[in-house]
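Chain and residue survey
Given next are the chains, with one letter for each unit.
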Amino acid sequence: MFDMILSQAVNGLVLGFLYVLIAIGLSIIFGMLGIVNFAHGAFFAIGAYLAFALNKEFGWWAALAAPVLTGLIGAFVEVVLIRHLYGKEPLLGLILTFALALLTEAVLRLIFGGAPVPFAAPKFLAGFVEYGAILITKYRMFVLITTVVILVLFWAFLAYTPYGRIIRAGSRDPEMVGLLGINLPIVFTGVFSIGCLLAGLGGLLAAPLWTITPSMAAGAIMPAFVIVTIGGLGSFLGAIVAGLLVGVTTAMTIQFQPEWAGAAMYILMATILLIRPRGLFGERWERFE
Amino acid sequence: MTEQTKSGAATGLRIGRRGLLLGATSLAASRLGMPYIGNAAAAEPIKIGMIWAKTGSIVDQAEYLAQGGMLALEQRNNTLLGRPAEIVWLDEPNPQGAQQSAERLVGEQKVVGMVGGALSSFALAISSVAKKAKIPYVAANAATGDLTGKSCNKYTFRLQPPVDVHARILAPYCATIGKKWYLLTASYAFGQDIKRAFTDYISANGGTVVGADEVPVGTPDYSSFILKIRAAKPDVVIGGIAASDLTTFLKQWNELGMKGKIPFAEISVGNTDLWGVGPEAADGLYTITWWYKNPNNTPEEQAMAAAYEKKYNRPAADKAWMGWLGMKSLLDSIDMAKSTEPGTIVQALENWKYQRGDMDIGYRGFDHQMTSRLLVAGIHPKITDKWDYFDVKAELPKTPDDIAKAFGSQADGACKMDTL
C-alpha cells in the first residue's frame, strides 16, 4: 500500500504542476489588473487548438509557437475589451470575460467542429520509466521539468527585473505606479498577455494528455480558480503550493474514495478558507476588501 | 330618387362615384385576398423540437445527432402533411436545462414532437416533460434502463438499446478473455447501469470484480485511476465512461503504456470518441449501434450517409445515424397519422416499422424500446484512414428469437405503461 501511495503522490505532483501553470496566469491578471478573468480557460483551449493546427500544418516543433500566439491574442483582447473595465464595477469584468469564454468556445466549434481532434506527444517523449513503485511517463516528466523551469524563470523575472518590480508594485498600488510616470496601459497589456501566454502554454502541454474539444476550458478553469483561492488572491507562492496540494489531494482521493475525486478540491478549498479566509498566502489588501 | 339623393347629401351620407369605385375595388381585393389568407393559415409551419447539447461534455456527440436530425427533415424538403416544417433546436447544458428546454418547446414553440437527450440524465428529464405535456418524444441516444423501464411512459420512445442489451452482447466476449474484471464507470445513470450489468454477469459466470471505480464526469486526468488498475492486474477492464471522457481515458491509457497490455472493453461507443483519440492511442473492444461502412446498411441509410458526407465533408458517425433515424421515425409517424394530434402520433409511432435486412425495426408496444441488432467491433491493428477505426467482428443477435431474448420480455422489465 505504501508503494501505491508514493506512486499516486508523485503522479499528483505532476498534475499539480500543470494546474499551477494555468493558475499562475489567472493569479497575476487578478493581482495586477483586478480582473476576475473567466476567459482564462478559453485561452487554455486556444493554446491547445493552436498547437493542434500548427502541428498538423508544420510539425511538432511549430506547435511550440502556440503559447506566444495565445499571448498575442491576449494582448489584442486587453487593448480592445479589457482595458475599458479598469476601475469599474468588478461584476462587469466577470460578465465580459464570461461572455468572451462562451464566444471563444463557439468560434472554436465553428472553425474546428465540435468533435475532439487528435493530438499526440512527439515520439521521442513516448514511453515511461519506473523507479521501484513509481511509474512516470517521459511526457509527464517533460511537463514537470518544463513547468518548474518556467516557474523559476517567471519568479526571477518578477523578483529581479525592473518590469517585474513594476508588476509587483502595480499589483499593490497601481495609482502610485502611474504617478511615478510609468506607462501603465502598456504594463497592463503586458501582464494580461503574459497571463494568457501561460494559459496557452498549459494548453500546449495538456493537449497530448487531455481531449481537445471546444469545451475543454472547463477542465482547466475550475481547478485554476480553486488554486488561486486556496493559495491567496494574487500570491505567486500561494498558487504553487495550492496547485501541488490540489494535485496530490485529487490523486489520494482517487486511491481511497474515487467517487469523491471530483469534489475533493472543493472540500479542500472550503476547509482551508474556514481556517484561513484569505487563503494560505493571502495578504490583507485594501484594494480587494 | 332625387329626393333620396338630396336627403343623403343633407345627412352627409352621399357616396360619390370615386368612393363607390374605391369601395368596390377594396371589396373585390379583399375577396381575392381571402383564399390567400386562408392558405397562409394552412401553411403555418409544423414545428418539431430538438434538444441536443450545444454546450458541455457531450457536445461533440450532440453535433452529429443534431445534423442527422436536420438531414431527416431536409430529405423531405422540410415538408410534413403538405405544410412547411421546421426544427427548433434548444440546448441541454444539464438535466435541469434539458427540462427547461423541453418546457419551452412545448409551451412557447408549440412543437408537435421532440427528439433529443444526449445523456441518460437529460433524456429522463425531457421524458418527464413529455409525459406531463402529452407530447411524443424520441430519445435517440440515452442508454439507461430506466427510460423504458421504471420511468417509461406512453409518450416516450427510445432508439438506443439499453445498457443491459449491450452488456448481454459484449460480456460473453469479455469473459472469453478472462474472469478478473476491473470496472471504471461514470458516476451517473449510464455508468451505474454498466457497473451493475457487468458485475451481475461476471458474478453469475464464476468470475470476480477485482476493482470498481466510479469516475466523476469531466475528469481531466485518469492517470491515478490507471495506476490503480495497473496494480490490481485484471484480465479485462470494463469501461463505462462517455464521449470526451472516454477519449481522455484512452489517450492516457496509451500514454501510461497500458494499450495492448490489458484489454479494454466498453459498450455503446461512438465514432467521434475514437476519432479524437488518434490512431496511436485507439484501442479496445466495443459495441456500436451503426457503422457507415457496414455492407448491411439499407439503401436508405447509404443515401443518408452519402448526403451527410457531401454536406459536412466527413463520414456519417453512428450518432448522425441515430439523430437521423430518431427524427425519421417521428416524421414518418406524423405522416402516417395524417395529423399533428399527439395521441394519434403516439399510436403511429407504436406501429412505425423500418425494414433493415431480414428484420423490421420498430418500437415495442409494451415499453416503447426499439429492437435492433448491434455491432461488436475491435480497432484496426493499423489505422490508415483517419475515419476508419473499427474492425467489425459480428452483428448480433443473429435470429429474431435471440433479439427478443437479448431485449428481454415484458415480464422481465419494470415498465408499467400508462395510457394516452
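A quick note: this is a predicted structure, and the numbers were derived from the prediction, not measured. (Residues numbered from 1 in each chain as written. Chains lettered and ligands numbered in written order. Predicted model: local features only at pLDDT ≥ 70, side-chain atom pairs only at ≥ 80, totals over all residues. Heavy atoms only, no water.)

A few points about the overall build of chain B
Looking only at helices and strands, chain B has 14 helices and 16 strands in total. Expressed as a percentage of the 420 residues in chain B, the buried residues total 57%. Long-range contacts, defined as pairs at least 24 residues apart, comprise 69% of the intrachain contacts of chain B with a sequence gap of at least 6. With an accessible surface of roughly 17,200 Å², chain B has 54% of that area assigned to carbon and sulfur atoms. (Helix = DSSP H or I, 4+ residues; strand = E, 2+ residues; numbered from the N terminus. Buried < 20%, exposed > 50% of the residue type's maximum accessible area, 1.4 Å probe, protein only. Contact = heavy atoms within 4.5 Å. Areas by Shrake-Rupley, 256 points an atom, 1.4 Å probe, with all protein chains shown as cover.)

Quick word on the environment of K311 of chain B
Turning to its location among the elements, K311 of chain B is positioned in helix α11 (residues 299-312). Through-space distance from the C-alpha of K311 of chain B to that of L246 of chain B is 28 Å; in sequence the pair is 65 residues apart.

What about the sheet that holds strand β3 (residues 83-90) of chain B?
Residue and element names in this part refer to chain B. In spatial order, the strands read β2-β3-β1-β4-β5-β6; together these six strands make up an open sheet with mixed pairing. In the strand order of this sheet, the two ends are held by β2 (79-80) and β6 (156-158), each with one partner. The pairing of strand β4 (residues 114-116) with strand β5 (residues 137-139) spans three bridges and is parallel. Across the sheet, residue G116 finds its bridge partner in β5, namely A139. (Pairing = 2+ DSSP bridges.)

Quick word on a nonpolar patch on the surface
Residue and element names in this part refer to chain A. On the surface, a cluster of nonpolar side chains totalling about 320 Å² of accessible area is made up of V68, L69, L72 and L197. With three residues, helix α4 (residues 66-80) is the largest single contributor of residues to the nonpolar patch. Summarising the element assignment, L72 is placed in helix α4. Judged by relative accessible area, which is 53%, L72 ranks as exposed. (Patch = residues over 30% accessible without salt bridge, like charges linked within 9 Å, V, L, I, M, F, W, Y side chains within 5 Å. Salt bridge = Lys/Arg side-chain N within 4 Å of Asp/Glu carboxyl O.)

A word on the side chain of T289 of chain B
Relative to the elements of secondary structure, T289 of chain B occurs in the loop between β11 (285-288) and α11. Setting aside anything within four residues of it in sequence, one finds T289 of chain B in contact with Q160, P161, H166, D318, W321, M322, R373 and L374 of chain B.

Describing the pairing of strand β2 (residues 134-137) of chain A
All names here are of chain A. What you see with β2 is no split at all: I134 and I136 on one side and L135 and T137 on the other are buried throughout. In this structure, strand β1 (residues 128-131) lies alongside β2, joined through four bridges in antiparallel fashion. By the bridge assignment, E130 is partnered in β2 with L135. Between β1 and β2, which follow one another and run antiparallel, lie two residues, and G132 among them has a positive phi close to 60 degrees.

Quick look at the packing of aromatic side chains
Going through the model one piece at a time under the given rule, you end up with 35 aromatic pairs over all chains. Centre to centre, the rings of Y139 of chain A and F142 of chain A are 5.8 Å apart; their planes meet at 40 degrees, and the pair counts as tilted. Placement of the pair is Y139 of chain A and F142 of chain A together in helix α6 (residues 138-160), with a separation of three residues, close to one helical turn. Its relative accessible area of 2% is what places Y139 of chain A among the buried residues. One aromatic cluster in this structure is built from Y222, F225, F249, W253, F264, Y286 and F390 of chain B. Sitting above the plane of the W89 of chain B ring, K54 of chain B keeps its charged end 4.8 Å from the centroid. (Phe/Tyr/Trp six-rings, centres within 6.5 Å; stacked < 30°, edge-to-face > 60°. Lys NZ or Arg CZ within 6 Å of the ring centre and 35° of its normal.)

Topic: the interface of chain B and chain A
Reports often express the size of an interface as the amount of accessible area lost when the parts come together. Opposite the 34 residues of chain B that make contact, chain A presents 37 residues. The junction of chain B with chain A conceals about 2,800 Å² of combined surface from both sides, 56% of it contributed by carbon and sulfur atoms. Considering only the surface of chain B that becomes buried against chain A, L227, K251 and E255 of chain B emerge as the three largest contributors, covering 21% of it. When the shortest N-O distance is used, the salt bridge between R230 of chain B and E130 of chain A registers 2.8 Å. Across the chain B-chain A interface, the total number found is 19 residue pairs in polar contact (both at pLDDT 80 or more). Secondary-structure elements contributing two or more residues to the side of chain B that touches chain A are α3 (59-74), β8 (208-215), α8 (223-232), α9 (243-255) and α10 (271-275) of chain B. Among the elements that line the side of chain B that touches chain A, the one with the most residues is α8 of chain B, at seven residues. (Buried area = accessible area lost by both parts, 1.4 Å probe. Polar contact = N/O pair within 3.5 Å; in protein donor to acceptor, adjacent residues only side chain to side chain.)

Re the packing of helix α1 (residues 2-33) of chain A against α8 of chain B
Angle between the axes and distance between the axes: these two values describe a pair of packed helices. Packing of α1 of chain A against α8 of chain B leaves a shortest axis separation of 10 Å and a crossing angle of 155 degrees. Taken together, α1 of chain A and α8 of chain B sit at an angle that is classed as roughly antiparallel. In the packing of α1 of chain A onto α8 of chain B, the handedness of the crossing is right-handed. Residue-level inspection shows M4, S7, Q8 and N11 of chain A of α1 of chain A in contact with α8 of chain B, the latter providing S223, S224, L227, K228 and A231 of chain B. Considering only residue class, the contact of α1 of chain A with α8 of chain B consists of three nonpolar, five polar and one charged. (Axes fitted to C-alpha atoms, helices over the stretch in contact; angles between N-to-C directions. Parallel < 35°, antiparallel > 145°, perpendicular 65-115°, else oblique. Left-handed = near helix turned anticlockwise from the far one by under 90°. Nonpolar A, V, L, I, M, F, W, Y, C, P; charged D, E, K, R; others polar.)

Details of the pattern of salt bridges
Residue and element names in this part refer to chain B. Applying the stated rule across the entire model yields 23 salt bridges over all chains. Here D332 makes a salt bridge to R76, at a shortest N to O gap of 2.0 Å. Of this pair, D332 sits in helix α12 (residues 318-337) while R76 sits in the loop between α3 and β2; the two residues are 256 residues apart in sequence, bridging distant segments of the chain. With its nearest N and O atoms 3.2 Å apart, the salt bridge here joins R196 to D164. With a gap of 32 residues between them, R196 in helix α7 (residues 189-204) and D164 in helix α6 (residues 163-177) connect regions that are remote in the sequence. Overlapping salt bridges, with partners in common, bring together R76, E300, K328, D332 and D335 in one network.

Examining the sheet that holds strand β13 (residues 359-363) of chain B
Residue and element names in this part refer to chain B. Spatial ordering of the open sheet is given by β12-β13-β14, a layout of three strands whose pairing is antiparallel. With one partner strand each, in any of the chains shown, β12 (353-356) and β14 (370-371) form the two edges of the open sheet. In this sheet, β13 lies alongside β12 in antiparallel orientation, the contact comprising four bridges. Considered in β13, the bridge of K353 is made with G362.

Observations regarding the environment of G59 of chain A
Residues and elements named next belong to chain A. Residue placement: G59 occurs in the loop between α2 (40-58) and α3 (60-63). Accessibility expressed as a relative area gives 26% for G59, which makes it partly exposed. A sequence separation of 63 residues divides G59 from P122, and the C-alpha atoms of the two residues are 9.5 Å apart.

Observations concerning α1 of chain A
Residue and element names in this part refer to chain A. Relative to the 46 Å expected for 32 residues at 1.5 Å per residue, α1 spans 45 Å between its end C-alpha atoms, a close match to the ideal helical length. The largest bend in α1 amounts to roughly 25 degrees and is located at A23. At the exit of α1 stands G34, carrying a positive phi of roughly 70 degrees. (Expected span 1.5 Å × (residues − 1). Bend = angle between axes of the 7 residues up to and from the residue.)

Quick notes on the confidence of the model for chain B
Residues and elements named next belong to chain B. Averaged over every residue, the pLDDT of chain B is 89; the share at 70 or more is 90%. Segment residues 1-41 is flagged for pLDDT under 50; beyond a separation of four residues in sequence, or across chains, it makes four contacts in the model. Both scores are available for the predicted complex, with the pTM at 0.84 and the ipTM at 0.86. (pLDDT = per-residue confidence, 0-100.)

Notes on the nonpolar core
M114 and F198 of chain B are the most contacted members of the largest nonpolar core, which totals 140 residues. Top element by residues in this core is α12 of chain B. It accounts for 10 residues. (Core = buried A, V, L, I, M, F, W, Y, C linked by side-chain atoms within 4.5 Å.)

Points about the pairing of β12 of chain B
Only one face of β12 of chain B is covered, namely the face carrying Y354 and R356 of chain B; the face carrying K353 and Q355 of chain B is uncovered. Turn length for the β12 of chain B-β13 of chain B hairpin, with the two strands adjacent in sequence and antiparallel, is two residues, and the turn residue G357 of chain B shows positive phi of about 60 degrees.

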